[in-house]
Amino acid sequence: MKNKKIIILTLIILIVFIIIITVQGCIIWNMKQEQNNKNNSNTINQNKVTYTETEDSKKFKQEYESLNNTSAEKDGEKYISVNIPKENPIIYVTLEELLNVINSDEKSYIYISRANSPFGRAIIEPLLNVLQDLGIEKLYYLDIGEGITFKDEAQKQEIMNQLAEKGVITKNEDGSDSWNIPLIAKTLSGKVLAQSTGTGVTYNEGQSYYSELTEDQKQEVYNEYYELLKD
């Protein structure tokens, strides 16, 4: 009987000890998370950049917002409404200029898409927020709807082949070129340091590719691009 009481008392002490350790662990973890959030917030405030209005920034805003709540010609689906600041880091480039940007000795950030891309419209606002929070001053934008026209088809194909070698575009089995958009990448000296295509989120039941992302999904996109583009 006495041994039974000792065992019960020991178990109670052990359970109390485990509870105390668990609570302390949770408190320490929460404190670390709060400190990390504070550090991240301080970093964002230090890096945050102010943009100015340019012809390219106005053009980008107009092109994207002109499709707000209109229907796609392809399938009649309605485009989501986006809100693009008139002060933004967009710089339009042609196909040839894009290759020059990638090959430059300056760390650069590129965005390949088009205004009527459902995925591109879904991610553009989180992307612009990330760029501002990281202090990124320029985003080189290739609009595949208008920026890839060439009079010299051979010259165009040579550039496309170089972009394929860098992983910016995909070569199909038949040798044709395929764009995976939206594409966001960080480049330096001819190399793609990091890149992401698509939205990077799993759509919920009832959502289509034309659907606006939920706040949680937008945060997921933001987090992905922040990790992708930060130094």
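Our subject in this report is the structure included herewith. (Residues numbered from 1 in each chain as written. Predicted model: local features only at pLDDT ≥ 70, side-chain atom pairs only at ≥ 80, totals over all residues. Heavy atoms only, no water.)

Here the focus is the nonpolar core. Within the largest apolar cluster, 34 residues are counted, with the highest numbers of intra-cluster contacts made by Phe60, Tyr111, Leu127 and Leu229. Put simply, the parts of the chain that give this core at least two residues each are helix H2 (55–65), strand S1 (90–92), strand S2 (108–113), helix H4 (118–134), strand S3 (139–143) and helix H6 (215–229). At 8 residues, the largest contribution of residues to this core is made by H4. (Core = buried A, V, L, I, M, F, W, Y, C linked by side-chain atoms within 4.5 Å. Buried < 20%, exposed > 50% of the residue type's maximum accessible area, 1.4 Å probe, protein only. Helix = DSSP H or I, 4+ residues; strand = E, 2+ residues; numbered from the N terminus.)

Further remarks concern unusual backbone geometry. Note the cis peptide between Ile181 and Pro182, where omega equals -5 degrees. Positive phi, close to 60 degrees, is recorded for Asn69, a residue that is not glycine. A relative accessible area of 49% means that Asn69 is categorised as partly exposed. If you check the backbone angles, Ser189 has positive phi at about 50 degrees while not being a glycine. Following the sequence through the fold, Ser189 ends up in the loop between strand S6 (183–188) and strand S7 (191–197).

This paragraph deals with the packing of aromatic side chains. A ring pair, where both rings are aromatic, is described by two values, the distance of the centres and the angle of the planes. Applying the stated criterion to the full structure yields 10 aromatic pairs. A centroid spacing of 5.9 Å and a plane angle of 50 degrees characterise the contact between Tyr79 and Tyr210, whose relative ring orientation is tilted. Pair noted here: Tyr79 is in the loop between H2 and S1 and Tyr210 is in the loop between S7 and H6, with a separation of 131 residues, a long-range link. Tyr210 sits in the buried class, given a relative accessible area of 16%. The interplanar angle of 65 degrees and the centroid separation of 5.0 Å between the aromatic rings of Phe119 and Tyr209 together place this pair among those described as edge-to-face. Remark: Tyr209 occurs in the loop between S7 and H6 and Phe119 occurs in helix H4; sequence separation between them is 90 residues. You can call Phe119 partly exposed: its relative accessible area is 23%. Put simply, the rings of Phe60, Tyr64, Tyr92, Tyr111 and Tyr141 touch in pairs and so form one group of aromatic residues. Cation over ring: Lys59 sits above Tyr92, and NZ or CZ is 4.3 Å from the ring centre. (Phe/Tyr/Trp six-rings, centres within 6.5 Å; stacked < 30°, edge-to-face > 60°. Lys NZ or Arg CZ within 6 Å of the ring centre and 35° of its normal.)

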